[in-house]
Structure formats: structure tokens, C-alpha cells
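As a plain string of letters, each chain reads:
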Amino acid sequence: MIFYLLPPSVAVDIRKFNRCCISRLKFFCSADSNVDGSYELNENESLLPGTELDKIGHFVLRCFCLDRPQVTDFILRKESELFLRRISESRELEIRKFCDKSLKDLRKTESFRETNVLTSRRENPYFCSMVLSAMNEILCALRRKQSCEHFKNTCDEKCEQYFVEIPFQVVTSMVKAREVRISGGNAYVPCCKWSELLRELFVHHYNVGLSMISYSVMRSIRSDVRWQSTFRTLRDMYECQLYRPPMPIRRSRVLHQQIDEQKAHFPPCMSHLLNVLRKNHRLTHIWRYYFSLFLKDIGLTLEDSIAFWKKEYSQSCSAEASCTHSWQQNERKYRYSIRHLYGLEGAKVERSCKSCQHIQTMQMGMRDEGGCPFVHFDDSNLLSSLHDSVKQDRSVVDEINELRNSGFPSGACSLHMRFSSPSACQDGGKRKLNEKPPFESPVGYYFCKKGGNADKSLEW
């Protein structure tokens, strides 16, 4: 149980700095899959409450999500869940020690505020003082042995043996639900609601903390290449978890010899990349990277991935190829980059296939070989990328073009999947413009087309 009232005050190695931030976000992204509670917080040093690494991870993620509202909601929800979990798993003595430490930090925070060290134009000082006042009241109540013992051991969901008096503006949700008594502008919160009160205070303080990060501090962060490198890694990890559909547990495997026969299940964007690769025996770096991620996520193991790329890059490249490197000359570099995708090199973070949204919003250059056919290709190239059964039905091609021209590339791709594989979707008919596609990434398309339902056939 920790409110993160003060930032960390130690210097750490940049590798440990990156590791603790990545570890924290990875825990948040995978928390939904650990429903059995088997993940122990003390298994990871960067998640031990109150440690400097724990503070570093928290404050870095706070800075990371400052300009990203959608990320802010996700991080705040996960941070508050972690906060409540720590309360439930802490013993009485641990809670009292944290209260003592938090009260000391609270006094330091107030002294900082008096000297305007942390104050910015976006902060509401009146509401901030109410949050700190409420925080002081609940911490003092839990520091007392008798009330803390009751809170941890004997308090039930309707108990009202102890109360704390705080400004009602801090707990408006409880006031609205009539869960507290109001008198003289203050709310009297019973002990049965203290866990919820602590969570509310944590959320309020987190939002106040975001408002207290000054513009000058963020300018310094944005100009520091070390921060930007960390932010890019965090962004990639978050986007992979946000946009990709549930990924299969390693229960199916695709051999490198089976890739051509599996092509029938590939989305047009990845099928096109495979065609280019088979023709030129090379891909530019970015599209080799994206295609490798796709193959990894549909079941290609590390050994098969190395064998697949070795076979292609050992052949002579065509005159149209944008890349002239060979496996014989650059084997070490290629092996390293493939192992990096599987989380075995570098920061040891396993990468995942990019989302459809990411590919659709990319800016294409003259030498780019890939992209979303429904966004980046002209009419003739789009037609050549479609499945043979789709090309033969002019009405379907017209519907795909209508969706494409209306700004719904994912809908056009979903319609293509329907008519290229009747087993993938049996309802047929013209697709509505506002209908949500059953997949959000090329990997989702593959499993949806192969299994019939991406959501029911896959697990985390």
C-alpha cells in the first residue's frame, strides 16, 4: 500500500531503469490473464511496494501516459487494482508501517507545495488540499493499532464501528450512492468503505500528480533520447496488447515448410508480402520485421523462423529487390534480429504483430513493398491482391471498393475474408459500414479465417 507521494531519489543504471518500467507495464498488460492469482508480487523486485524500483516504474509510466488519454485510463485502472491488491495482501503491521511512512512523505509534499516547487497552472490547489487532508485522516486512522486490527480482521461489509471525517468533494461517488453521512460539508466514511476510500484517494492523487508535471519538465523529457527510447518500447508493448486479439496458447504450430499452404488463410497484406518475398527473395527491413512478427504469432517457432529466412536470403536476389544483403554475409545480424523478436536479445521483450490500425495509418514511401491493400494500393494492385474466388464475383469487388472508398478498410478486408472462405462466416450478405470487423490485426484475420471465430477459438 503506497500512494507514491514523492518521486524516487536514487540514480540507477539505464538498463535497470528500462527493465523495471517494462516489467511493470508487462505485468499490467498480462494481469487479466493471471486470473487465478498465481502471479506473486514479490517475484519481481520492481513490483515490491515502497522500493525505489517500484517508484521508478510508477513515475515513468505516469510520464509516459501524460499525452496519451487512452493509455492514462488503462494505467490508472491497473495501478488502482495493484493498490487494492496490496491492501488485501498486507498484514496489519505492514499497513501501519506504510501509514507512518506515507504520513512523513505527506508532510514533505506539503512543504514542497508551500514553496511552489511542484505547482503548475493546471493544478487545482483547493481540491488538491482536500485530497491531502482526506489522505491524512485515513492514514492517521489506520496507523492506530485498534482501528487497523479491526479493519483487517473483523470489519464486514456493513460495519460502522469507526468513521473518518473528510471533505465530501473527495468522495462524490459515495455521496451519490448514499453510502456516507454528510454533516457540515464533511462526509463521514464508515470503516466498511475504507478500502474504497483509499482507492478513490489513490485515483485523485494520481490525477493531481499528472496535473503537477510542468510543461518545462515534459519538454526536458521529450528532448532526452534515453527517455524517448524507453517510451518507444513502452508504446510498442502497449499497442500490441491493446489492438491485437487474444493470442493462442502455443498449442498449434506452423512449420516453415507449411507457409505456402497456409497462405490461403493469410490476409491480403501478408499474402502480398509473401508473394514479393518469393519473387525477389528479399524484403526491406520494416516489412521483413512485420512479416516475421506475423509468422511468429501464427505459430512459427524460433528454429523454423531462422530456417525460413535462411532459405530465402541464401538465394540470389532479383533485380527488383530493394535489399541486396545475403544470409551468407549477414547471418549473425539476421539471427540476432529474429531472436530479438522472440524476446531473447536486447531488452528481452517479446514483440507482437502490429495491428490493422497501425498498418493502415502508415505513410508509404516509394520503395515500400507492403501496406494495407485497402488503403495504400491502387485499383489494379488491389485487385491482384484479392483471393481468386473474390476476383471472379464482380458484385463482391464493388462492395469491397465501396467500403474502401468510404474509409472502412477493415470492413473491406472482413468482407474479403467472408467471400474467400465461406466457413469463416456463414451469414453472408452486404456488410454494413458501421459493423465492427471480427479481427483487429493480421493475426486475428488468420485465426478467424482458419478457425471460424477469433474470439471463441483462441485464449490468452
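None of the values given here were measured: they were computed from a predicted structure.

Reading guide: rules and limits
- Residues numbered from 1 in each chain as written.
- Predicted model: local features only at pLDDT ≥ 70, side-chain atom pairs only at ≥ 80, totals over all residues.
- Heavy atoms only, no water.
- Pairing = 2+ DSSP bridges.
- Helix = DSSP H or I, 4+ residues; strand = E, 2+ residues; numbered from the N terminus.
- Axes fitted to C-alpha atoms, helices over the stretch in contact; angles between N-to-C directions.
- Contact = heavy atoms within 4.5 Å.
- Phe/Tyr/Trp six-rings, centres within 6.5 Å; stacked < 30°, edge-to-face > 60°.
- Buried < 20%, exposed > 50% of the residue type's maximum accessible area, 1.4 Å probe, protein only.
- Lys NZ or Arg CZ within 6 Å of the ring centre and 35° of its normal.

1. Regarding the sheet that holds strand 3 (residues 186-190)
Strand order in this open sheet of three strands is 1-3-2, and the pairing throughout is antiparallel. This sheet does not close on itself; its edge strands, each paired only once, are strand 1 (163-167) and strand 2 (181-183). Going from strand to strand, the sheet's axes swing by 30° on average, the running direction of each strand aside. Examined bridge by bridge, strand 1 and strand 3 share five bridges and lie antiparallel to one another. Its bridge partner being in strand 3, E165 is matched across the sheet by Y188. Where helix 8 (residues 194-212) meets the sheet, its contacts fall on strand 1 and strand 3, and the angle it forms with strand 1 comes to roughly 30°.

2. Looking at the packing of aromatic side chains
Scanning the entire structure with this criterion turns up 24 aromatic pairs. Arranged with centres 5.1 Å apart and planes meeting at 85°, the rings of Y446 and F447 form a pair that is edge-to-face. Take Y446 and F447: they sit in the same class, and that class is buried. Clustering of aromatic rings is evident, with ring pairs tying together F266, F291, F294, F308, W309, Y313, W327, Y334, Y446 and F447. For the cation-ring pair, R181 lies above F163, with the distance from its terminal atom to the ring centre recorded as 5.0 Å. Here the basic side chain of R181 rests over the ring of Y188, its NZ or CZ set 5.5 Å away from the ring centre.

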